[in-house]
Amino acid sequence: MVTPAPEETTAPPPLAVDDLRVSFAARGGDAAGTLAVDGIGFAVPAGSILGLIGESGSGKSATLLAIAGLLPASARVEGTVRLDGRSLLDLPERQRARLRGRGIGMIFQNPGGSLNPVLTVGSQIDEVLTVHRGLTGRAARAETESLLAKVGIGDPRNRANVYAHQLSGGLKQRVAIAAALAAGPSVLLADEPTTALDATVQAQILDLLLDLVARENLALLLVTHDLAVAASVADRIAVAYAGRIVEEGPAAEVVRRPAHPYSHALGQAALPFGAETMRREDLLPELPGRMASAGGSACAFAPRCPLAVARCRAEVPLLTPFGSGRVACFRAGEVGA
Amino acid sequence: MTRLGFGGWFGLGALGLLVLVALAADLIAPGDPLDIVARPMLPPFTDWAHPLGTDQLGRDVFAAMIHGTRVSLLVGLAAAAGAIGIGIVVGTLAGFLTGWVDDVLMRVTEAFQTVPTFLLALAMVSVLGASTPNIILAIGISSWPQTARLVRAEILSLKSRDYVDAARMAGMRPLMVAFREVLPGALQPVIALVGVTVGAAILVESSLAFLGLGDPNEVSWGGMVANGRAVLRIAPHLVVIPGLAVALAVLSVSLIGDAFGRRLAPARER
Amino acid sequence: MTRHTGSFIARRLLQAIPVILIVAVGVFALLELAEGDAVDAFLAGTGGGDVAFAERLRQDWGLDQSLPVRFLIYLEAVFTLDLGYSVAVSMPVMQAIAIRLPNTILMMGSAILLSAALGSFFGGIAALKRGTPVDTGITVTGLVLNAMPNFWLGLIFIVVFVVKLSWFPLAGIATIDGPTDFLGRAADIAWHLVLPVLTLALTYMALYLRLMRGAMIETQASEWVRAARARGLPRGRIIRRHIARPALLPVVTMLGLQTGNLLGGSVVIESVFSIPGLGSLAYQAVAQRDLPLVAGILLAGTLLVIVVNLVVDLAYARLDPRVTDDRGRAA
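A brief structural summary. Worth saying up front: this structure is predicted, and the values here are computed from it rather than measured.

## Quick look at the overall build of chain B
Okay, so step 1: When helices and strands are tallied, chain B shows 12 helices and zero strands.
Okay, so step 2: Its helices and strands in sequence order give chain B the pattern α-α-α-α-α-α-α-α-α-α-α-α, from N to C terminus.
Okay, so step 3: In chain B, which comprises 270 residues, the share counted as buried stands at 51%.
Okay, so step 4: Considering only residue pairs separated by 6 or more positions, chain B has 71% of its internal contacts joining residues 24 or more positions apart.
Okay, so step 5: Roughly 12,100 Å² of accessible area belongs to chain B as shown, and the carbon and sulfur atoms make up 67% of that amount.

## Focus: the nonpolar core
Nonpolar side chains tend to gather and get buried jointly when the protein is soluble and globular.
Okay, so step 1: Ile125, Ile177 and Ile237 of chain A, Leu122 of chain B together with Leu293 of chain C are the most contacted members of the largest nonpolar core, which totals 183 residues.
Okay, so step 2: The next biggest cluster of nonpolar side chains, apart from the first, holds 37 residues, and it includes Leu70, Val81, Leu88 and Ala238 of chain A.

## Quick look at the interface of chain A and chain C
Okay, so step 1: Contacts between the two partners involve 27 residues from chain A and, on the opposite side, 18 residues from chain C.
Okay, so step 2: Overall, the association of chain A and chain C removes approximately 2,200 Å² of surface from exposure, summing both partners, and the carbon and sulfur fraction of that is 58%.
Okay, so step 3: Put simply, arginine 237 of chain C and glutamate 127 of chain A hold a salt bridge, and the shortest N to O gap is 3.1 Å.
Okay, so step 4: If you look at where chain A meets chain C, you find 13 residue pairs in polar contact (both at pLDDT 80 or more).
Okay, so step 5: The element that contributes the greatest number of residues to the side of chain A that touches chain C is helix α3 (residues 121-133) of chain A, accounting for seven residues.
Okay, so step 6: When grouped by side-chain class, the residues that make up the side of chain A that touches chain C number 13 nonpolar, 11 polar and three charged.

## Notes on the packing of aromatic side chains
Okay, so step 1: Under the definition given, this model contains 10 aromatic pairs over all chains.
Okay, so step 2: Their ring planes at 25° and their centres at 6.3 Å tell us that phenylalanine 6 of chain B and phenylalanine 10 of chain B sit as a pair that is stacked. Placement of the pair is phenylalanine 6 of chain B and phenylalanine 10 of chain B together in helix α1 (residues 5-23), with a separation of four residues, close to one helical turn.
Okay, so step 3: With a relative accessible area of 71%, phenylalanine 6 of chain B lands in the exposed category.
Okay, so step 4: Ring geometry for phenylalanine 161 of chain C against phenylalanine 168 of chain C: centres 6.3 Å apart, planes inclined by 75°, an arrangement best described as edge-to-face.
Okay, so step 5: Three or more aromatic residues link up through ring pairs in this structure, and these residues are Phe157, Phe161, Trp167 and Phe168 of chain C.

## Section: helix α7 (residues 199-216) of chain A
Residue and element names in this part refer to chain A.
Okay, so step 1: In a regular helix each residue adds 1.5 Å, so 18 residues correspond to 26 Å; α7 covers 26 Å between its end C-alpha atoms and thus fits that length.
Okay, so step 2: The complete set of buried residues in α7 reads Val201, Gln202, Ile205, Leu206, Leu208, Leu209, Leu212 and Val213. In an axial view of α7, the angular spread of the buried residues amounts to 155°, which keeps them on one side of the axis. Projecting away from the buried face of α7 at angles above 90 degrees are the exposed residues Ala199, Thr200 and Ala214.
Okay, so step 3: Phi turns positive one or two residues past the end of α7, at asparagine 217, with a value near 55°.

## Here's the deal with the environment of isoleucine 177 of chain A
Residues and elements named next belong to chain A.
Okay, so step 1: Along the polypeptide, isoleucine 177 turns up in helix α6 (residues 169-181).
Okay, so step 2: Classification of isoleucine 177 by relative accessible area gives buried; the value is 0%.
Okay, so step 3: Between the C-alpha atoms of isoleucine 177 and glycine 69, which are 108 residues apart in sequence, the distance is 19 Å.
Okay, so step 4: If we ignore the near neighbours within four places in the chain, the residues touching isoleucine 177 are Ile107, Val151, Ile205, Leu208, Leu209 and Leu212.

## Points about the pairing of strand β7 (residues 187-191) of chain A
Residues and elements named next belong to chain A.
Okay, so step 1: Buried residues dominate β7, accounting for five of its five residues.
Okay, so step 2: Bridge analysis of strand β6 (residues 104-107) against β7 gives four bridges, and the strand direction is parallel. Across the sheet, the residue bridging to glycine 105 is leucine 188, located in β7.
Okay, so step 3: With α7 bridging β7 and the parallel strand β8 (residues 219-224), this β-α-β connection has right-handed handedness.

## Focus on the side chain of arginine 237 of chain C
Okay, so step 1: Mapped onto the elements of the fold, arginine 237 of chain C is located in helix α11 (residues 235-257).
Okay, so step 2: Here the side chain of arginine 237 of chain C touches glutamate 127 of chain A through a polar contact of 3.1 Å, side chain to side chain.

## Notes on the pairing of strand β10 (residues 244-250) of chain A
As a general feature of sheets, a regular strand has side chains that alternate between the two faces.
All names here are of chain A.
Okay, so step 1: For β10, the tally of buried residues reaches six of seven residues, placing the bulk of the element in the interior.
Okay, so step 2: Between strand β9 (residues 236-241) and β10, which pair antiparallel in sequence order, lie two residues; one of them, alanine 242, sits at a positive phi of approximately 50°.
Okay, so step 3: Here two bridges tie β10 to strand β12 (residues 325-327), and the two strands are oriented antiparallel to one another. The residue of β12 that forms the bridge with glutamate 248 is arginine 326.

## Remarks on the sheet that holds strand β5 (residues 86-87) of chain A
All names here are of chain A.
Okay, so step 1: What the four strands build is an open sheet, ordered β2-β1-β4-β5; its pairing is antiparallel. The strands lining the two open edges of the sheet, one partner per strand, are β2 (34-44) and β5.
Okay, so step 2: Sheet analysis places strand β4 (residues 76-83) next to β5, joined by two bridges and oriented antiparallel. When the sheet's bridge partners are listed, leucine 83 is paired in β5 with arginine 86.

## Considerations on unusual backbone geometry
Residues and elements named next belong to chain A.
Okay, so step 1: A positive phi is found at aspartate 155, a non-glycine position, where the angle reads about 50°.
Okay, so step 2: On the secondary structure map, aspartate 155 appears in the loop between α4 (137-150) and α5 (156-159).
Okay, so step 3: Despite not being glycine, alanine 242 shows a phi value in the positive range, around 50°.
Okay, so step 4: Residue placement: alanine 242 occurs in the loop between β9 and β10.
Okay, so step 5: Residue alanine 242 is classed as buried on the basis of its relative accessible area, which comes to 1%.

## Things to note about the sheet that holds β9 of chain A
Residues and elements named next belong to chain A.
Okay, so step 1: The strand order across the open sheet formed by eight strands is β6-β7-β8-β3-β9-β10-β12-β11, and the pairing between neighbours is mixed. Strand pairing shows two members of the sheet lacking a second neighbour, β6 and β11 (320-322), which therefore form its edges. Averaged over all pairs of adjacent strands, the angle between strand axes in this sheet comes to 25°, irrespective of strand direction.
Okay, so step 2: Here three bridges tie β11 to β12, and the two strands are oriented antiparallel to one another. Bridge assignment links proline 321 to a residue of β12, and that residue is arginine 326.
Okay, so step 3: Against the sheet, α6 contacts β6 and β7, and its axis sits at roughly 165° relative to β6.
Okay, so step 4: Contacting β3 (48-53), β9 and β10, helix α10 (residues 261-269) crosses the sheet at an angle of about 105° to β9.

Rules used throughout
Residues numbered from 1 in each chain as written. Chains lettered and ligands numbered in written order. Predicted model: local features only at pLDDT ≥ 70, side-chain atom pairs only at ≥ 80, totals over all residues. Heavy atoms only, no water. Helix = DSSP H or I, 4+ residues; strand = E, 2+ residues; numbered from the N terminus. Buried < 20%, exposed > 50% of the residue type's maximum accessible area, 1.4 Å probe, protein only. Contact = heavy atoms within 4.5 Å. Areas by Shrake-Rupley, 256 points an atom, 1.4 Å probe, with all protein chains shown as cover. Core = buried A, V, L, I, M, F, W, Y, C linked by side-chain atoms within 4.5 Å. Buried area = accessible area lost by both parts, 1.4 Å probe. Salt bridge = Lys/Arg side-chain N within 4 Å of Asp/Glu carboxyl O. Polar contact = N/O pair within 3.5 Å; in protein donor to acceptor, adjacent residues only side chain to side chain. Nonpolar A, V, L, I, M, F, W, Y, C, P; charged D, E, K, R; others polar. Phe/Tyr/Trp six-rings, centres within 6.5 Å; stacked < 30°, edge-to-face > 60°. Expected span 1.5 Å × (residues − 1). Arc of directions from axis to C-beta. Pairing = 2+ DSSP bridges. Right-handed = clockwise from strand over helix to strand, strands pointing away. Axes fitted to C-alpha atoms, helices over the stretch in contact; angles between N-to-C directions.

Printed below as a string of structure tokens:
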């Protein structure tokens with residue numbers, strides 16, 4: 001169930017996800033598969049950034065791929081995904097494909113991987129313009145150059161004619177962003193866009209994303225495992241664990257005053273930006289155990305939770321409003337410094 | 001064993017059948033297949049004494065087919081064995097000794113690989129004369145480069161492994177190390193090449209025979225096709241049947257080679 | 001770009017010299033192995049002469065010298081393109097080769113391109129329909145075609161398309177008394193070459209089929225294809241530009257390697273279809289034991305393979321932007 005964000009508007013949000021479930025078919029094709037996403041829901045308003053944080057296995061990447069419609073055919077997707085109010089999941093693949101690029105843009109973790117090595121980077125943006133906006137030839141190339149300039153690439157005319165391997169990681173990611181935005185989508189999905197980049201380049205790309213979100217009024221869903229990255233750009237943060245959202249709220253709140261024990265642990269493990277105190281015993285506590293698999297009839301975090309009680313092992317905590325956000329914990333807010 | 005797949009089993013079965021036929025040729029079709037035994041141009045399936053009919057000289061097609069198995073298989077297997085043998089030796093020496101030995105051997109390999117294989121075999125048969133041993137030699141000499149390259153590459157990658165160093169430390173002479181320790185491991189990908197090499201050898205032999213350069217004392221499928229060409233318009237079966245046999249032999253060897261290559265491949269990806 | 005290309009060509013040609021030398025050694029060894037020498041063959045072909053005449057010829061041609069000297073004389077002849085005299089066709093070897101070479105190049109070139117095109121096309125379909133009966137069918141067909149003797153396939157084509165259907169001519173490369181204008185002659189030659197080229201192409205197609213199939217299965221799973229899908233590009237465009245095009249590179253690499261096989265195959269095919277090319281000249285030479293001609297064709301064939309490999313490598317460097325020359329800049 002989606003609780004509307006405090007600053008709700010009358011127009012439907014560019015991206016709204018409700019009770020999303022994703023499971024992958026097991027080998028051998030029997031009924032039981034692997035549940036990756038177990039009822040995730042959130043909304044991303046225009047001109048804002050939602051940071052979806054989680055470790056591997058939390059279902060964050062599967063969520064992104066489900067929204068974009070890029071999961072393998074054997075995956076089962078249930079729930080609702082609305083793009084500007086229009087439901088996506090029940091659309092036939094052809095219409096879904098048309099909305100990709102035009103309504104939703106996506107960038108991936110490995111910057112070099114998004115670009116075809118045997119075509120010039122310019123031609124790869126040209127073709128998006130041709131397919132979605134009907135531009136060809138010189139008109140397309142002119143627009144490509146202006147897109148390259150918009151993502152901060154200098155000398156776009158010559159840069160458009162180079163190949164991916166001739167560019168640095170940061171430049172490659174900028175090109176990927178330009179290609180994702182070429183068709184003018186209202187939603188941008190980013191799957192760990194800065195993880196594979198050097199620290200300084202990371203900051204540059206994050207700045208670029210901030211700038212683009214503001215200028216183009218985008219709704220950016222930024223998936224990352226790095227709390228610091230999310231903290232530096234996101235307006236709101238949602239924390240995922242074992243296929244569910246366990247906490248969601250304004251970025252500053254989730255980072256500084258997390259209500260869920262897991263968010264608290266994440267905060268402790270991340271290098272805090274501008275931490276005031278850095279006592280040894282405060283940093284990097286080891287969390288015992290591994291993430292549980294999704295599904296199940298108890299709190300997935302209970303085995304590793306320092307605050308777990310009997311109820312946690314018997315019932316699934318639901319996302320309920322808490323402060324200016326939501327938390328899924330029976331002892332929300334009790335974890336503290 | 002089931003991992004051989006349908007192709008592998010088909011190939012194994014077909015090749016087995018051909019080998020049996022080759023070995024039992026004198027039992028199945030006694031006498032000299034080049035003898036004239038009946039009236040010429042007898043159609044197939046009319047006279048059960050001559051099930052596949054006779055050619056334009058009155059020779060029994062069935063007998064010729066049976067005996068032709070011998071030549072094709074013998075030449076194919078022997079030439080391939082020779083080629084692979086030479087390739088293994090050259091590849092091992094080059095890969096293990098490196099330095100100038102490697103350079104020279106690789107240049108020679110490159111030279112043999114650049115010369116069109118069939119032209120070389122043709123030239124050799126032309127100079128040495130067309131007898132079965134010469135043909136085997138000619139085909140063998142033209143086919144070894146591929147194996148040599150593969151073995152050398154494998155040896156180069158295996159040389160740095162621990163068990164080689166251990167043998168060296170124990171004082172084994174370098175060449176002994178090469179042949180006893182490294183070579184067995186390097187041979188695995190060669191197995192996949194065997195199918196290709198034997199198949200190619202059979203095709204070259206049949207092509208040489210077709211051009212009239214086969215052993216004149218032996219019946220060969222290629223020679224039968226050449227013979228049937230003269231009466232192609234009226235008796236195409238004289239061309240079709242021997243060619244089918246060649247295709248079957250090459251196909252079965254290829255399928256076996258593929259199946260074994262695939263079976264061994266997963267074990268290597270560790 | 002031309003500067004790099006020039007040095008690239010020069011380097012490759014230099015690398016080819018040891019190969020040519022080794023081949024020359026081999027050919028020389030072969031000639032030495034033959035019974036009788038060039039003089040005997042010459043006299044046998046031209047009607048004989050007495051012993052004194054033979055001795056004088058031997059002196060003239062340097063055949064009475066020692067082995068090393070004879071080899072050097074031979075080498076000099078090779079590098080000055082004097083490959084001796086052919087009794088089989090009664091003209092200098094070099095001339096005979098030069099006359100026949102264009103026909104073979106035309107046939108072989110078309111066959112290489114057609115075989116690569118067919119192989120890539122069907123290999124691509126097999127990759128896209130991987131695991132289905134279409135895939136199995138295509139792969140098996142390629143294997144079966146590869147196992148057929150090329151002369152047999154050619155003869156079968158003749159039975160079907162020439163004898164039964166009369167769609168194509170039986171032999172030769174051009175119709176005698178055929179059209180004389182350029183377009184007419186070109187069309188006539190093309191018509192004659194359809195069956196031989198098709199035979200060659202189908203027989204050697206399997207390698208490209210397997211290569212393209214494997215390469216496309218790999219590119220299909222690559223990240224840039226996923227990104228292209230994320231950009232909403234239609235499936236056809238993705239297949240063409242993002243899956244097939246990068247997968248063609250390994251196929252192009254292989255083009256050169258098949259040249260030797262195709263040249264050998266052309267010997268037989270030219271004999272089957274009576275095409276007057278290098279292959280049938282080789283056959284003639286072997287049949288008449290004209291060793292200088294055989295040797296000359298061996299050398300010419302080797303050179304042809306080297307040149308084709310060079311051209312293919314140049315083409316590959318143009319196609320793959322990741323190929324750089326020694327100095328790290330794009331070729």
